[in-house]
Amino acid sequence: MVETIFADTLDLYIEDKHYQLIDVRTAAEYEVGHIKNAVSVPYESVKDYMERLQMEKIYIVYCERGVLSFDVARDLSEKGFMAVSVLGGIKAYHGKCLE
């Protein structure tokens, strides 16, 4: 089962080095705006990017509305990584850390 978190809690994790935010939207969407400290890993590149992930980190995955991020968090969890999906994606985020 995939764990999820509410978008309004993201500001609690952004500066914590134990967490890494992953934005799985397209590179163009990321450039228009993303959450601070998030890395851009477009959905179609996730499998290639997995070899760079660290088992000791917790990955917070988001997309536009939360559908693709749920799939990615599930895939990461099945591979043994700690991963959660953001409910509602970046559309649900109203925090202060947009770039």
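Residues numbered from 1 in each chain as written. Predicted model: local features only at pLDDT ≥ 70, side-chain atom pairs only at ≥ 80, totals over all residues. Heavy atoms only, no water.

### Considering the overall build of the protein chain
Now for step 1: Counting its regular elements, the protein chain contains three helices and five strands.
Now for step 2: Taken from N to C terminus, the helices and strands of the protein chain fall in the order β-β-α-β-α-β-α-β.
Now for step 3: For the protein chain, whose C-alpha radius of gyration is 12 Å, the value lies close to the compact-globule estimate of 13 Å for 99 residues.
Now for step 4: Summarising its shape, the C-alpha atoms of the protein chain cover approximately 30 × 25 × 25 Å along the three principal directions.
Now for step 5: Within the protein chain, the fraction of its 99 residues that count as buried is 42%.
Now for step 6: Of the roughly 5,900 Å² of accessible surface on the protein chain, a fraction of 53% belongs to carbon and sulfur atoms.
Now for step 7: The protein chain carries 11 positive and 17 negative side-chain charges, and their two centres are separated by 1 Å. (Helix = DSSP H or I, 4+ residues; strand = E, 2+ residues; numbered from the N terminus. Rg over C-alpha atoms; globule rule 2.2 N^0.38 Å. Buried < 20%, exposed > 50% of the residue type's maximum accessible area, 1.4 Å probe, protein only. Areas by Shrake-Rupley, 256 points an atom, 1.4 Å probe, with all protein chains shown as cover. Lys, Arg positive; Asp, Glu negative; His and termini not counted. Charge placed at Lys NZ, Arg CZ, Asp CG, Glu CD.)

### Considering the pairing of strand β4 (residues 58–62)
Now for step 1: Where burial is concerned, most of β4 is hidden: four out of the five residues are buried.
Now for step 2: In this sheet, β4 lies alongside strand β2 (residues 19–23) in parallel orientation, the contact comprising five bridges. Considered in β4, the bridge of D23 is made with Y62.
Now for step 3: Bridge count for β4 against strand β5 (residues 82–87) is four bridges, and the pairing is parallel. For V61, the partnering residue across the bridge sits in β5 and is S85.
Now for step 4: For the crossover from β4 across helix α3 (residues 67–78) to β5, the handedness is right-handed. (Pairing = 2+ DSSP bridges. Right-handed = clockwise from strand over helix to strand, strands pointing away.)

In short, shape yes, function no, at least from these values alone.
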